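# Structural features, examined
Single-letter residue listing:
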Amino acid sequence: MGRYFSSNSDYLKIPIESYSYTIGYLYYQINREYIEGIVSPLRFITLAFTFFFTLVGILLGVFVSLRINERLRQVREMIEEFKRGGMPTKKDFWERDELTELADFVHKSLSDLKGIFSNLEFARNFYESLFNTLQEIVLILDEAGTIYFCNRAVENYGFSVESLLGRKVGVLLEGPRERREVRESLRQKRTYTGVVKLRNKKGEESYALAVLVPWVDAFIFTLKDITELKRSEELVKRMEVFSLFGEMSAYLAHELKNATLPLKLLSEVSEWNEDDIKVVRASIERVDKIVSSFLQFARPVEEEKREFSSWQLVEDVLKIYEPAIKKKDIDLVLDVMDFKLYTNKTALEIILSNLLKNAIEAVDGKGRIEISLRKDGEKTILMVKDNGHGIPKKHIKKVFDPFFSTKRDSTGLGLSTVVRYVQMLEGKLSVFSEEGKGSTFLVEVKA
């Protein structure tokens, strides 16, 4: 019937239908004052109940919010207490809901973390104590070479642990070459091993065996002091030098005596003929050869580096030996790459000169000599190969010894000079020879 109250009329007209036909109407008269008198108390009661329940809801919401906030505050206090280094007590709430489960989970997690941190602290103290008992320096570096751990062995060199943390590892190394090699190894993330000179604030000269090893995203760098070993090695070298000087003096005296003997004999002759003059010239040439060999072997060469081309090096040496090569009708084969070198040119010239001279002397009649000079990465490789008489197996280990030679009228200092200058350039010298087939000398240097 409610659909018929859509108008504001005080009368309600309802049709009476039969078989879909309206046969009449039913009229109702609405007494609005009576209805409003009955509904008004209900409105007041409804409003009162609504206000009451709204107020109760608000109060309950405020209480629940305050309770939730209080429990969250206690959970935060647990975390803050853990951050200060303490172990918080477990919070027990009378409610059993998600917040209670959160508090239990946080307490359990903090307990587990406390155990992990305790184990880590024990491990850190243990390994730190272990490293501090070592006599060698142990450093842990990041990828840029910055020190973020070092043991107390650095105090033996006048450094403190605190003064090194956060600084580059190069602060411990004296030589620029060593610092450059370590930086390059860090950049390429590869192992480095070498003897380095350490900086020592106590004013003492110190050497160490350095080992750099990649480890996860960091590097372990150890420095083992070998100062005493280095001093012993230098003392042995000094004694070897003194012994070598003794041998050189005796050999020089013997060779000069033999070379000047014809001059002594001819000094008693009143007049010289043409043959006598030839003998004098040969003796003087022999003396000059001996003295020149000794001067080349013994003279110091400054380690001054400069840039020059590969062809310039080869051509400068060939100018000296070109007459001897033509005289013997030797077939000279050159395999020289065109590249720039940056090293001691004089030292390389002496090395190539002595190897070429040795090859020329080894070839009998028309022979073949190959000179190869090429670049392989950071290395320069020099090869001098001949098809001469070769070196007997019993002599192969002695060819680099001073004064050893199987050739007549040879001082035996040529290959010893090569060894000396290869060592000066921090290179490597190898020989491959077969008797009757020839010899190959290979020199590798950084240039």
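Before reading further, recall that the structure is shown in the block above.
First, a word on scope: everything that follows refers to the structure included in this document.

## Things to note about the packing of aromatic side chains
If you walk through the whole model with that rule in mind, you get two aromatic pairs. Aromatic pair Phe49 and Phe53: ring centres 6.1 Å apart, planes at 20°, arrangement stacked. Of this pair, Phe49 and Phe53 both sit in helix H1 (residues 32-83), four residues apart, which is roughly one turn of that helix. When its relative accessible area of 48% is taken as the criterion, Phe49 is described as partly exposed.

## Considering the sheet that holds strand E12 (residues 379-386)
If you trace the five strands from one edge of the open sheet to the other, you get E9-E11-E12-E14-E13, paired in mixed fashion. The two strands at the open ends of the sheet, each matched to only one other strand, are strand E9 (331-336) and strand E13 (428-434). The sheet shows a mean angle of 10° between the axes of neighbouring strands, taken without regard to direction. Sheet analysis places E13 next to strand E14 (residues 438-446), joined by seven bridges and oriented antiparallel.

## Here's the deal with the sheet that holds strand E3 (residues 137-141)
Within a sheet, each strand pairs with its neighbour through backbone hydrogen bonds, oriented either parallel or antiparallel. One open sheet holds the five strands; their spatial order is E4-E3-E7-E6-E5, and the pairing between them is antiparallel. In the strand order of this sheet, the two ends are held by strand E4 (147-150) and strand E5 (192-198), each with one partner. Taken over all neighbouring pairs, the strand axes of this sheet differ in orientation by 25° on average, direction set aside. Here strand E6 (residues 206-215) runs beside strand E7 (residues 218-225); their pairing, made up of eight bridges, is antiparallel. Directly across from Leu212, in E7, lies its bridge partner Phe221. In the packing of helix H4 (residues 176-188) onto the sheet, contacts are made with E3, E5, E6 and E7, and the angle to E5 comes to roughly 145°.

## Describing the pairing of E7
Summarising the sheet, E3 and E7 pair through five bridges and their orientation is antiparallel. Bridge pairing in E7 links Leu141 to Phe219. Hairpin connection from E6 to E7: two residues lie between these consecutive antiparallel strands, with Val216 at a positive phi of about 55°.

## Quick notes on H1
For H1, with 52 residues, the first-to-last C-alpha span of 73 Å sits near the 76 Å given by 1.5 Å per residue. Along its length, H1 shows its largest kink, about 30°, at Val39, and proline Pro41 lies within four residues downstream of that point. Every buried residue of H1 is listed here: Arg67, Arg71, Gln74, Val75, Met78 and Phe82. With its phi angle positive at about 105°, Gly85 sits one or two positions after the end of H1.

## Brief notes about empty space enclosed by the protein
Considering all chains together, one arrives at one cavity of 30 Å³ or more under this definition. Forming the walls of the largest cavity are Leu313, Leu341, Leu348, Leu373, Thr380, Leu382, Val443 and Val445. Looking at the lining of the largest cavity, the elements that each hand over two or more residues are E12 and E14. Among the residues forming the lining of the largest cavity, the class breakdown is seven nonpolar, one polar and no charged.

## With respect to helix H7 (residues 310-327)
Look at H7: 26 Å from first C-alpha to last across 18 residues, which is about the 26 Å you get at 1.5 Å a residue. In the structure, H7 departs most strongly from a straight axis at Tyr321, where the bend amounts to approximately 55° and where the proline Pro323 lies between one and four residues downstream. For H7, the secondary structure elements touched by its buried residues are strand E8 (306-309), E9, strand E10 (340-343), helix H8 (345-362) and strand E11 (368-376). A positive backbone phi angle near 55° is found at Asp329, which sits one or two residues after H7.

## Describing unusual backbone geometry
Positive phi is not limited to glycine here, since Lys189 has a value of about 55°. Mapped onto the elements, Lys189 comes out in the loop between H4 and E5. Located in the positive-phi region is Asp329, a residue other than glycine, with phi close to 55°. Tracing the sequence through the fold places Asp329 in the loop between H7 and E9.

## Topic: a nonpolar patch on the surface
There is a patch of nonpolar side chains on the surface, built from Tyr34, Ile35, Ile38, Val39, Leu42, Phe44, Ile45, Phe49, Phe52 and Phe53 and spanning about 1100 Å² of accessible area. Mapping Tyr34 onto the fold places it in helix H1. You can call Tyr34 exposed: its relative accessible area is 55%.

## Here's the deal with the pattern of salt bridges
For the coordinates displayed, the defined rule picks out 20 salt bridges. Note that Lys345 is salt-bridged to Glu349, the shortest N-O span being 2.2 Å. Taken together, the positions of Lys345 and Glu349, both in helix H8 and four residues apart, correspond to about one turn of that helix. Lys345 sits in the buried class, given a relative accessible area of 4%.

What counts and what doesn't
The residue numbering used here restarts from 1 in each chain and proceeds along that chain's sequence as written. Where totals are concerned, whole chains, interfaces and linings use all residues; where local detail is concerned, this predicted model gives features only for residues with pLDDT of at least 70, and gives and counts side-chain atom pairs only at 80 or more. The side-chain numbers reported here are obtained from all heavy atoms of the structure, hydrogens and water having been left aside. The rule is short: rings of Phe, Tyr and Trp, with Trp giving its six-membered ring, pair when the centres are within 6.5 Å, and they are stacked under 30 degrees, edge-to-face over 60, tilted in between. By the criteria applied, helices consist of DSSP H or I runs no shorter than four residues and strands consist of E runs no shorter than two, each listed in order from the N terminus. Here's how the labels work: a residue is buried when its accessible area is under 20% of the maximum for its type, exposed when over 50%, partly exposed in between, all with a 1.4 Å probe on protein chains only. Any two strands are treated as partners once DSSP identifies two or more bridges connecting them. In this description, a line fitted to the C-alpha atoms serves as the axis of each element, helices being fitted only across the stretch in contact, and the angle between N-to-C directions of two axes falls anywhere from 0 to 180 degrees. Residue contacts are counted whenever heavy atoms from the two residues lie within 4.5 Å of one another. Take the residue count of a helix, subtract one, and multiply by 1.5 Å to get its expected span. Note that bend, as reported per residue, equals the angle between axes fitted to the 7 residues terminating at that residue and the 7 residues originating from it. The method works on a 1 Å grid over the protein atoms by themselves. A cavity is a set of points holding a 1.4 Å probe that cannot get out, a pocket is an open set with protein on both sides within 12 Å along at least five of seven lines, and residues with an atom within 4 Å of a point line them. Grid points are joined across faces, edges and corners, and a volume is the space filled by probe spheres set on the points. Residue type decides the class: Asp, Glu, Lys and Arg count as charged, Ala, Val, Leu, Ile, Met, Phe, Trp, Tyr, Cys and Pro as nonpolar, and the leftover types, Gly among them, as polar. Patch membership is restricted to residues that have no salt bridge and whose relative accessible area is over 30%. Joining uses 9 Å for like charges and 5 Å for the nonpolar side chains Val, Leu, Ile, Met, Phe, Trp and Tyr. Values of accessible area rely on a 1.4 Å probe in the Shrake-Rupley scheme; residue burial ignores everything except the protein chains shown. The salt bridge definition used is simple: a Lys or Arg side-chain nitrogen within 4 Å of an Asp or Glu carboxyl oxygen.

These results come straight from atomic positions and should not be treated as a statement about function.
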